[in-house]
Amino acid sequence: YRAVVLVSGTGSNLQALLDACGQGADHSKRIGASVVGVLSNRADALALSRAARAGVATEVLSHRDFSDREGFDAAMIERIDAWAPDVVVLAGFMRILTPAFVAHYQGRLINIHPSLLPKHKGLNTHQRALDAGDSEHGCSVHFVTPELDGGPVIAQHRLSVHQQDSAESLAARVHQAEHQLYPRVLGWLASGRLQWQPEALLFDGRAL
Ligand code: GRF
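Residues numbered from 1 in each chain as written. Predicted model: local features only at pLDDT ≥ 70, side-chain atom pairs only at ≥ 80, totals over all residues.

(A) Quick peek at the environment of Phe143. Structurally, Phe143 is set in strand 6 (residues 136-143). With 19 C-beta atoms counted inside 10 Å, the residue Phe143 sits in the partly exposed group. A sequence separation of 53 residues divides Phe143 from Trp196, and the C-alpha atoms of the two residues are 8.0 Å apart. Discounting residues that sit within four places of it in the chain, Phe143 has contacts with Gly107, Leu109, Ile110, Gly151, Pro152, Ile154 and Trp196. (Helix = DSSP H or I, 4+ residues; strand = E, 2+ residues; numbered from the N terminus. Buried ≥ 20, exposed ≤ 12 C-beta atoms within 10 Å, placed from the backbone. Contact = placed C-beta atoms within 7 Å.)

The structure is reproduced here in structure tokens:
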């Protein structure tokens with residue numbers, strides 16, 4: 001089961017996926033998938049060195065080299081499809097995708113977001129959870145639709161917000177949770193347990 005991962009930054013989620021796929025320091029495979037390519041829109045993304053260390057092919061495609069989103073997304077599709085992915089995994093990829101890109105990968109494009117969706121779509125989620133006085137916070141993995149952070153949620157990891165929490169302390173705990181949750185979901189997709197058919201999320205063949 002072939003996964004292509006899109007990144008813009010640190011790539012700690014990419015690392016968690018590589019580790020689960022047996023492509024990290026420890027070669028034991030926990031899920032039936034492999035990361036076959038990593039695409040970054042930033043040449044300086046630390047995620048690229050993680051991919052290189054794992055022996056995974058990388059591509060850098062800067063959105064700045066394109067006059068519009070359509071052109072950038074079309075170029076991405078060409079690069080990504082050359083890796084023949086079963087799934088495209090957004091892991092800290094900081095560009096908004098066009099409806100054409102999303103439609104091209106419908107049902108095989110997933111994202112991880114640092115909030116309990118549908119709460120706190122967009123940026124600065126940890127501070128916003130604190131400002132809202134939320135007693136729980138966490139992360140969500142969802143299928144991507146044209147609506148930003150709005151596609152069907154597959155799984156969430158919840159954690160309690162403590163009185164002494166800051167945006168930084170929350171971010172650290174949510175990040176750790178992401179590293180558990182994302183590989184688990186990729187494993188479900190790889191094993192065929194989880195599928196998205198238009199309008200229906202199926203788990204073990206049953207609608208969620
Ligand atoms: C994560 O918090 C993820 O939820 C968000 O971007 C961040 C990426 O972190 N979409 P990393 O690059 O995987 O460390």
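(B) Focus on the site of the ligand. Around the ligand, 13 residues are found, and the nearest of them are Thr10, Ser12, Asn13, Gly92 and Pro114. Counting residues per element, the ones that place at least two in the shell around the ligand are helix 1 (12-20), strand 5 (109-113) and helix 6 (167-191). For the shell around the ligand, the per-class residue count stands at four nonpolar, eight polar and one charged. (Near = placed C-beta within 6 Å. Nonpolar A, V, L, I, M, F, W, Y, C, P; charged D, E, K, R; others polar.)

(C) Main features of the sheet that holds strand 10 (residues 206-207). The strand order across the open sheet formed by three strands is 8-9-10, and the pairing between neighbours is antiparallel. Each of the sheet's edge strands pairs with one partner strand only, and the pair in question is strand 8 (194-197) and strand 10. (Pairing = 2+ DSSP bridges.)

(D) Region of the structure containing the pairing of strand 2 (residues 34-40). The buried fraction of strand 2 is high, at five of seven residues. For the crossover that starts at strand 1 (residues 2-7), traverses helix 1 and ends in the parallel strand 2, the hand is right-handed. Sheet topology note: the strand 2/strand 3 (residues 58-60) ladder contains three bridges and is parallel. Across the sheet, residue Leu39 finds its bridge partner in strand 3, namely Glu59. One crossover worth recording links strand 2 to the parallel strand 3 by way of helix 2 (residues 46-53), and it is right-handed. (Right-handed = clockwise from strand over helix to strand, strands pointing away.)

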